Amino acid sequence: MKKKYLYLFFLFLAAIMQGCKDDEVIENAAFSLSRDGQEMTDLTFGYGTSFIMVELTSNTNWTLSCDQPWCTLSNVSGTPTKLQYIKISVERNLAEEKRVANITMNAGGNIHQYVVTQASKYDAIYPEGMEKDAIETIKEIYMGWNLGNTLEATGGMTAWGAPITTQALIDKVKELGFNAVRIPCSWNQYLEADSITISPDWMNEVKKVVDFCMNADMYAFLNIHWDGGWMENHCDASKMTAEEIDGVEDKMYKLWTQIAEAFKDYDGRLMFAGANEPGVENREDMAVLHRYEQAFVDAVRATGGNNTYRNLIVQGPRTNIDDTEKWFELPEDPTPARLIVEVHYYTPYNFCINGPTSDLAQSMTYFWGEPYEQYAVEYMDGKFDYEAQEDYMISQMKKMHDKFVVQGVPLVIGEFGVSYRDFASDPRLEEYENYEKIVANMDMLQDKCEESEGYFLGCVAEYGKNHGLAPFLWDTPGSRILDRNTLEIVEPVILQKMMEGAERGKYPF
């Protein structure tokens, strides 16, 4: 028993001695938080969700703490280091006044303190027409429409079957219930001989289309689309050299400088989008894309004027929801609360994109959604994408809500759509076991198929808006929504069901 008490006594004594040792102030401790090589004392943020990366150095063990929950740190302790990056993040400030947090750094008992000040939106005065930030803008988008296969077409605006865009077309789109237009645009094929200067003639053509949208009092966003792949196909970190990445980054900056200068005086109804569907396959590729998107933001902001406050849209990797959830981080923006994230939605593939193929098992599906499953079961040999129905769509939208919207960052579904079906012209139908039954009920099945297509589009609009994502229908010449030549609705039921979904959807902000 004595031995046991002696053991406990010495254990207690050792703990006290260790505690005294831990409380010692280490002399000659050298430590700091700095940015761009300059030691900081104060940090200032705008009112929106934001972050900065700072450089931590310390020749002894260190800890970091913050006294406010809205200001968070990526690391709170560590060992001696010559350089470690710390991410300091702030949530959106919804209050009418600025707020203050204190960060404390303890290195070997030595203390440095840093004051974090976050502004309120009401601290700034915005130019007329630029008052609305990203959330305020997105919540006004009822339904968006793509001017697809037009300004981005290789060989000219009519090369992919589109007529020349007119004010009448844009007015008709608004009449149908859309109040925003996405303008996919090519620039690379319209460069001057120096391979970097955008042709003035092409800039004027783009301005005509943007002006049509402004004249109709619609929101619009203008992008650099695939554009030959000079940027979107050059995100592969395993293949790109440092010099090649530098070259793409420089071109991104220079093209967006020209575009931003040309549209500097346009009000906040016009937004810019850096890319379309950048080819990113892993976290390392995302780091490359992050550089390109940072160049986009930096270029636009550097032009000043209304571009200081313009809402900017940045694309997730391949605009794929799962990859965006895993890898995407916003670029830094000196203007608070003006970034929007873009993803696309074409799931399930067999309903949205795939067409008839020689292998029926790999071919398109004809129906989507719980109300239309019965027709797939009774007529189409049960061919139905069971794993990608309403619940799956909701779960995908929720991923974006939980990653971005809860942090004060809204999104756009920049593209979504279906592969429109025509039963009478599908050569694969005869391979279905119920072929004779299909033929006997062809008109009814065609009607239900179109209803299903509209129902799918309506669900994307509804569930997207419910989770903070503004929907933009991908639409091209030959669409079942609108004939661009006659300005007539092709299949009213598809438009009707899509707009019913848009009406049901309610933004969470």
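The rules behind each value
Residues numbered from 1 in each chain as written. Predicted model: local features only at pLDDT ≥ 70, side-chain atom pairs only at ≥ 80, totals over all residues. Heavy atoms only, no water. Helix = DSSP H or I, 4+ residues; strand = E, 2+ residues; numbered from the N terminus. Buried < 20%, exposed > 50% of the residue type's maximum accessible area, 1.4 Å probe, protein only. Contact = heavy atoms within 4.5 Å. Areas by Shrake-Rupley, 256 points an atom, 1.4 Å probe, with all protein chains shown as cover. Lys, Arg positive; Asp, Glu negative; His and termini not counted. Charge placed at Lys NZ, Arg CZ, Asp CG, Glu CD. Pairing = 2+ DSSP bridges. Axes fitted to C-alpha atoms, helices over the stretch in contact; angles between N-to-C directions. Core = buried A, V, L, I, M, F, W, Y, C linked by side-chain atoms within 4.5 Å. Salt bridge = Lys/Arg side-chain N within 4 Å of Asp/Glu carboxyl O. pLDDT = per-residue confidence, 0-100. Expected span 1.5 Å × (residues − 1). Arc of directions from axis to C-beta. Phe/Tyr/Trp six-rings, centres within 6.5 Å; stacked < 30°, edge-to-face > 60°. Lys NZ or Arg CZ within 6 Å of the ring centre and 35° of its normal.

When you go through the protein chain residue by residue, the secondary structure sums to 13 helices and 20 strands. Expressed as lengths along the three principal axes of its C-alpha atoms, the size of the protein chain is roughly 95 × 70 × 45 Å. A total of 509 residues make up the protein chain; the buried ones form 52% of that total. When contacts within the protein chain are restricted to residue pairs at least 6 apart in sequence, those whose partners lie at least 24 apart make up 75%. Split by element, the accessible area of the protein chain, about 22700 Å² in all, is 50% carbon and sulfur. Positive and negative side-chain charges in the protein chain, numbering 44 and 80 respectively, have mean positions lying 6 Å apart.

To continue, consider the sheet that holds strand S13 (residues 219-223). Sheet architecture is closed into a barrel: eight strands sit in the order S11-S12-S13-S14-S15-S16-S17-S18, paired in parallel fashion. Strand-to-strand twist in this sheet, taken as the mean axis angle between neighbours without regard to direction, amounts to 30°. Sheet strands in contact with helix H5 (residues 242-262) are S13 and strand S14 (270-273), and its direction is about 175° off that of S14. Where helix H12 (residues 442-466) meets the sheet, it contacts strand S16 (339-345), strand S17 (411-416) and strand S18 (469-473), and its direction lies at approximately 155° from that of S18.

Moving on, we get to the sheet that holds strand S4 (residues 50-58). Pairing is antiparallel across the open sheet formed by five strands, whose spatial order is S2-S1-S4-S8-S6. Looking at the sheet topology across the chains shown, the edges are occupied by strand S2 (38-39) and strand S6 (71-73). Bridge count between strand S1 (residues 31-35) and S2: two bridges; the pairing is antiparallel. Bridge assignment links Arg-35 to a residue of S2, and that residue is Gln-38.

Turning next to the nonpolar core. The biggest cluster of nonpolar side chains holds 114 residues, and the ones touching the most others in it are Phe-178, Trp-187, Phe-263, Phe-272, Phe-367, Phe-423 and Phe-456. The element that contributes the greatest number of residues to this core is H12, accounting for 10 residues. Sequence-distant contacts of Phe-263, that is, excluding residues within four places in its chain, are made with Met-203, Val-206, Lys-207, Val-210, Leu-222, Leu-270, Phe-272, Asn-307 and Arg-310. Grouped together as the second largest cluster of nonpolar side chains are 22 residues, Ala-101, Ile-103, Met-105 and Ala-107 included.

Throughout the structure, instances matching the rule amount to 27 salt bridges. Salt-bridge contacts for Glu-431 lead to Arg-428; the nearest nitrogen and oxygen are separated by 2.0 Å. Residue Glu-431 is classed as partly exposed on the basis of its relative accessible area, which comes to 37%. Glu-450 is the partner of Arg-480 in a salt bridge, and the nearest nitrogen-oxygen pair spans 4.0 Å. Placement of the pair is Arg-480 in the loop between S18 and strand S19 (482-483) and Glu-450 in helix H12, with a sequence separation of 30 residues. Using a relative accessible area of 17% as the deciding quantity, one classes Arg-480 as buried. Here the residues in one salt-bridge network are Glu-281, Arg-318, Asp-323 and Lys-326, joined through shared partners.

Our focus in this paragraph is unusual backbone geometry. Backbone phi values are negative for most residues with the exception of glycine, while trans is the configuration of most peptide bonds. Following Thr-347, the chain continues to Pro-348 via a peptide bond in cis, the omega torsion being 5°. Within the element layout of this structure, Pro-348 appears in the loop between S16 and helix H8 (349-352). Unlike most non-glycine residues, Asp-217 shows phi in positive territory, near 55°. Mapped onto the elements of the fold, Asp-217 is located in the loop between helix H4 (200-215) and S13.

The subject of this paragraph is the confidence of the model for the protein chain. Per-chain confidence: the protein chain averages 94 in pLDDT, with 94% of residues scoring 70 or above. Contacts of residues 7-22 to residues separated by more than four positions or lying in other chains number zero contacts, the stretch itself having pLDDT below 50.

Helix length check: helix H10 (residues 390-403), at 14 residues, gives a terminal C-alpha distance of 20 Å against a target of 20 Å (1.5 Å per residue), a fit within 8%. Along H10, the positions that sit buried rather than exposed are Glu-390, Met-393, Gln-396, Met-397, Met-400 and His-401. All buried residues of H10 lie within an arc of 145° about the axis, which places them on one face of the element. The elements touched by buried residues of H10 are helix H7 (321-327), S16, S17, H12 and S18.

Our focus in this paragraph is the packing of aromatic side chains. Two measures describe an aromatic ring pair: the distance that separates the ring centres and the angle between the ring planes. This model, assessed by the stated rule, comprises 20 aromatic pairs. Considering the side-chain rings of Tyr-366 and Tyr-432, the 6.3 Å spacing of their centres and the 75° angle between planes classify their relative orientation as edge-to-face. Residue Tyr-366 is located in the loop between H8 and helix H9 (373-379), and its partner Tyr-432 is located in the loop between S17 and helix H11 (435-440); the two are separated by 66 residues in the primary sequence. Grouping aromatic residues by their ring pairs yields a cluster made of Tyr-345, Phe-351, Tyr-366, Phe-367, Trp-368, Tyr-372, Tyr-375, Phe-423, Tyr-432, Tyr-455 and Phe-456. Sitting over the ring of Phe-263, Lys-207 keeps its end group 6.0 Å from the ring centre.

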